[in-house]
Amino acid sequence: MSSEARQDMLVFLLTKAVPARTTRVVTVGGVLRREEMDLVINPLDFKALQAADYAKRYNGGKLVAISMGPDFKVKPLLSELYSHPIEGVDEAVVLSDRRMAGADTWATAYTLSLGIKKVLDVNKAAVDEVLELVESGAPPEKVLERARELYHSNLLPNLIYTEKPGLPQGVVQRYARGKAGAEEVREALERVRKELDRFLIVAGLKTSDGETGSTGPQTAEALSGVLGKKIPDITHVTDFEVDVESGNLIAERKLGSYVQKLRAPLPCAITIMPEHRPGVVPVVRRKRAALFSYRGKVREVRVWNADDLGADPSKIGLAGSPTIVGPGIDIGGPPVQKFVGRTKVFTQRVEAFEFNGQRYGPFERFAKADDLPEELVRELEAKGLLKTFDLRDLLEEVLGGVVVAAKH
């Protein structure tokens, strides 16, 4: 790569929260109730994180993780990615809305594409705001003040404004001190805005709860429609580099016994093979990349719903999913026998708790409670957390809530 090449690139990590163990599918439509499960980050996404982290450290820019699911479950998992591994993510976003539930890979890809677009729009708006101030002839002090605020929101790179020790002053700071002209500031801002359109999307090869390997490529396809331009994708990538001078990504991928070397223009999407091994970033390269990186980490995970994304309701969640999945089988635990009209079961998921010095749980909905102490059963019943297993419960558990009606 050219030593003079410069890139403040946005790198997007697509990641998913998956069940910690195999869990039953509770509806005929194949919809997992993630809000009732113990979730973990998809194991193969950590390899994608390593690859995305390397791309950011080598080229500059920032790494934004995007996931979809119940925010109260997914936010804690994304928070862990800020420090794992190497440098980790800089920002994280959860797309969470009941209307998004039940999405297949295509509806998920469409939703993720809107999340990517919103991140791009927010960053471009920040650059445009400072550019407008400069072009309107606003006092340099006002430009400096707004640039400082946007920098602290992680929306302007160190090239424009910085408080990082060891880096030269940003162009706006030099402008406010009379050491740079308006034209120089304008050129720097326009270049940053242009670079925002040369982003990279990185995803794991597949997920442990789906095994389709299609969400990464489909997100590129959906984003092509959302942005009105083709976003290429390369799957099964074992190695890659970003040629910032030409604006291309050069990737090596393995398909069976075949190895291919491909070139794609940025922006593009890649899925990472487990055997990918990120290289070591030279110290001199890291110093240069720092100039085109951002302030640091925004550790508060943002949550956006369908309205925030401007999503078409007919394209998200179950409504936007052309795939129909049949009922699943629970192979995550031993068989459990329950009797209608006799067995006490939980009415909802209950997290682990202590009672009289003993620890119980967690319990899933419809889990048996017959083995619990009588005093605890009475207390849980009083709170509405236990009930007697009835025929409706049996129908919901076996048939996924399908109502069977007989005609006379």
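Residues numbered from 1 in each chain as written. Predicted model: local features only at pLDDT ≥ 70, side-chain atom pairs only at ≥ 80, totals over all residues. Heavy atoms only, no water.

Draft legend 1. Structural view of the nonpolar core. Counting 55 residues, the largest nonpolar core has Phe12, Ile66, Leu95, Ile116, Val172 and Phe199 as its most contacted members. With 12 residues, the single largest contributor to this core is helix H3 (residues 105–135). In this structure Ile116 touches Phe12, Leu14, Ile66, Phe199, Ile201, Thr219 and Leu223, once residues within four positions along its chain are discounted. Membership of the second largest hydrophobic core comes to 36 residues, among which are Val11, Ala48, Leu63 and Val242. (Core = buried A, V, L, I, M, F, W, Y, C linked by side-chain atoms within 4.5 Å. Buried < 20%, exposed > 50% of the residue type's maximum accessible area, 1.4 Å probe, protein only. Helix = DSSP H or I, 4+ residues; strand = E, 2+ residues; numbered from the N terminus. Contact = heavy atoms within 4.5 Å.)

Draft legend 2. Structural context of the packing of H3 against helix H4 (residues 140–152). At a closest axis distance of 10 Å, the pairing of H3 and H4 adopts a crossing angle of 175°. For the element pair H3 / H4, the angle class is roughly antiparallel. Only Lys142, Val143, Arg146, Ala147 and Leu150 of H4 make contact with H3, whose side of the interface consists of Ala126, Glu129, Val130, Leu133 and Val134. Considered class by class, the residues forming the contact of H3 with H4 number 7 nonpolar, no polar and 3 charged. (Axes fitted to C-alpha atoms, helices over the stretch in contact; angles between N-to-C directions. Parallel < 35°, antiparallel > 145°, perpendicular 65-115°, else oblique. Nonpolar A, V, L, I, M, F, W, Y, C, P; charged D, E, K, R; others polar.)

Draft legend 3. Spatial organisation of the pattern of salt bridges. Summed over the entire model, instances satisfying the criterion amount to 27 salt bridges. The partner of Lys383 in a salt bridge is Glu379, with the nearest N and O atoms 3.4 Å apart. (Salt bridge = Lys/Arg side-chain N within 4 Å of Asp/Glu carboxyl O.)

Draft legend 4. Geometry of unusual backbone geometry. Geometrically, the link from Leu266 to Pro267 is a cis peptide bond, its omega value of 5° lying close to zero. With respect to the helices and strands, the residue Pro267 is situated in the loop between strand E9 (258–265) and strand E10 (268–272). Residues other than glycine seldom take positive phi values, yet Asn154 does so here, at roughly 70°. The residue Asn154 is located in the loop between H4 and helix H5 (171–176) in this model. A positive phi angle, near 55°, is found at His236, a position not held by glycine. Under the relative-accessibility criterion, His236 is labelled partly exposed at 28%.

Draft legend 5. Structural detail: the pairing of strand E8 (residues 248–255). Both strand E7 (residues 233–243) and E8 contribute to a ladder of 6 bridges, which runs antiparallel. Following the sheet pairing, Asp243 is matched in E8 by Asn248. In this sheet, E9 lies alongside E8 in antiparallel orientation, the contact comprising 8 bridges. Following the sheet pairing, Leu249 is matched in E9 by Ala264. Here E8 folds back onto E9 in antiparallel fashion, the turn holding 2 residues, of which Gly256 has a positive phi close to 65°. (Pairing = 2+ DSSP bridges.)

Draft legend 6. Structural context of a nonpolar patch on the surface. Side chains of Val340, Leu391 and Leu394 sit close together on the surface and give an oily, nonpolar patch of about 250 Å² of accessible area. Tracing the backbone through its elements, the reader meets Leu394 in helix H11 (residues 391–399). We classify Leu394 as partly exposed; its relative accessible area is 32%. (Patch = residues over 30% accessible without salt bridge, like charges linked within 9 Å, V, L, I, M, F, W, Y side chains within 5 Å. Areas by Shrake-Rupley, 256 points an atom, 1.4 Å probe, with all protein chains shown as cover.)

In short, geometric facts, not functional conclusions.
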